[in-house]
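Coordinate inspection notes
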Amino acid sequence: MMDWVPIVFVTFKVLALGTAMFFAIKWHYDQGEKGERRAVLRSGGKMAAVFILALIGVGLVALILSRMLGLDLSFP
């Protein structure tokens, strides 16, 4: 019965973060239409890079913490 919980939570997380990133990029793009376009694209690229690095960092911390606690992370 609990097999569906990770699927639902990961799907929700991906949708929520994807939606938030879309609106953040859209807002920055709309702000760029008022000013310099190159600066907005650079800012969007930096934010995407920071997001990816943060995502990798959180994933690694979770992996290390779960291994320290002795959780079995192998696929069946």
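Thresholds, definitions, all that
- Residues numbered from 1 in each chain as written.
- Predicted model: local features only at pLDDT ≥ 70, side-chain atom pairs only at ≥ 80, totals over all residues.
- Heavy atoms only, no water.
- Helix = DSSP H or I, 4+ residues; strand = E, 2+ residues; numbered from the N terminus.
- Rg over C-alpha atoms; globule rule 2.2 N^0.38 Å.
- Buried < 20%, exposed > 50% of the residue type's maximum accessible area, 1.4 Å probe, protein only.
- Areas by Shrake-Rupley, 256 points an atom, 1.4 Å probe, with all protein chains shown as cover.
- Lys, Arg positive; Asp, Glu negative; His and termini not counted.
- Charge placed at Lys NZ, Arg CZ, Asp CG, Glu CD.
- Expected span 1.5 Å × (residues − 1).
- Phe/Tyr/Trp six-rings, centres within 6.5 Å; stacked < 30°, edge-to-face > 60°.
- UniProt positions renumbered as here; feature names shortened; annotations may be inferred.

**A look at the overall build of the protein**
What the protein contains, in helices and strands, is two helices and zero strands. Relative to the compact-globule value of 11 Å for 76 residues, the protein shows a C-alpha radius of gyration of 18 Å, a clear excess of over 25%. Counting all 76 residues of the protein, 5% fall into the buried class. By element, 76% of the accessible surface of the protein is carried by carbon and sulfur atoms, the whole surface being about 6900 Å². Taking the average place of the 8 positive charges on the side chains of the protein and the average place of its 5 negative ones, the gap between the two points comes to 10 Å.

**Observations concerning helix H2 (residues 37–68)**
Over its 32 residues, H2 extends 47 Å from the first C-alpha to the last, a length consistent with the 46 Å expected when each residue adds 1.5 Å. One or two steps after H2, the chain reaches Gly70, where phi turns positive at roughly 85°.

**What about the packing of aromatic side chains?**
On inspection of all chains with the given rule, the structure shows one aromatic pair. When the centroid spacing of 5.2 Å and the interplanar angle of 70° are considered together, the rings of Phe22 and Phe23 count as edge-to-face.

**Some remarks on the UniProt feature "transmembrane region" (unreviewed entry) in the protein**
In the numbering adopted here, UniProt assigns the feature "transmembrane region" (unreviewed entry) to residues 6–27 and 48–69. Taken end to end, residues 6–27 is 100% helix and 0% strand, and its two terminal C-alpha atoms sit 31 Å from one another. Secondary structure content for residues 48–69 is 95% helix and 0% strand, while the C-alpha to C-alpha distance between its ends is 31 Å.

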